[in-house]
Amino acid sequence: MRTCMKEIQHLGIYEEAVGTLYELIIDHGFLIAQISKVILALPTEMENKLRLLIGARIGILHTDIPGKEYLVRVISEPGMKKALKANNARQFVQGLA
C-alpha cells in the first residue's frame, strides 16, 4: 500500500486490504473506508456496494482488469453460516447488527 496523505492509503495493483469494514466517508472526491486499522481512499462509485457491507469482514482487491478495477469479497467466518445464507446483502448486514 502506498500512502497518499498522512494516514490515508491506497492499494497498488494486486494489493488487497482485508478486515472489518467500519466506516465510509466521502472526502475530497474519494470514498474513505476504514477497514480494521487501515484507512483507504477508494473511488466514490464503490459507496453503494460497500455501504451494505459495513460491519462485515471483507477483502478489497485492486486489479488492472478494465471495468473490474476493485473486487470486493465477503469473508466468511465460523458462526456466520446463517448470515451467508441470507437472500441478499441487506439481510446479511442486518443479521450482523
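Residues numbered from 1 in each chain as written. Predicted model: local features only at pLDDT ≥ 70, side-chain atom pairs only at ≥ 80, totals over all residues. Heavy atoms only, no water.

1. Re the pattern of salt bridges
Any two side chains of opposite charge can pair, so long as their charged atoms come close to each other.
Link 1 in the chain: A full pass over the atoms with the stated rule returns 2 salt bridges.
Link 2 in the chain: We note a salt bridge from Glu 16 to Arg 73, for which the minimum N-O separation is 2.9 Å. Of this pair, Glu 16 sits in strand β3 (residues 16-27) while Arg 73 sits in strand β7 (residues 70-74); the two residues are 57 residues apart in sequence, bridging distant segments of the chain.
Link 3 in the chain: On the basis of relative accessible area, Glu 16 is assigned to the partly exposed category, the value being 32%.
Link 4 in the chain: Note on Arg 73: relative accessible area 42%, which makes it partly exposed.
Link 5 in the chain: Here Glu 47 and Arg 51 are joined by a salt bridge, their closest N and O atoms 2.6 Å apart. Of the two residues, Glu 47 and Arg 51 are both situated in helix α1 (residues 47-51); the distance of 4 residues between them amounts to about one turn of the helix. (Salt bridge = Lys/Arg side-chain N within 4 Å of Asp/Glu carboxyl O. Helix = DSSP H or I, 4+ residues; strand = E, 2+ residues; numbered from the N terminus. Buried < 20%, exposed > 50% of the residue type's maximum accessible area, 1.4 Å probe, protein only.)

2. Notes on the nonpolar core
Link 1 in the chain: By size, the foremost hydrophobic cluster in this structure holds 16 residues, and its most contacted members are Leu 21, Ile 35, Leu 42, Met 46, Leu 50, Ile 58 and Ile 60.
Link 2 in the chain: Mapped by element, the contributors of at least two residues to this core are β3, β4 (30-35), β5 (38-42) and β6 (57-62).
Link 3 in the chain: When sequence neighbours within four positions are dropped, the list of residues in contact with Leu 21 reads Ala 33, Gln 34, Ile 35, Leu 50, Leu 53, Ile 54, Gly 55, Ala 56 and Ile 58. (Core = buried A, V, L, I, M, F, W, Y, C linked by side-chain atoms within 4.5 Å. Contact = heavy atoms within 4.5 Å.)

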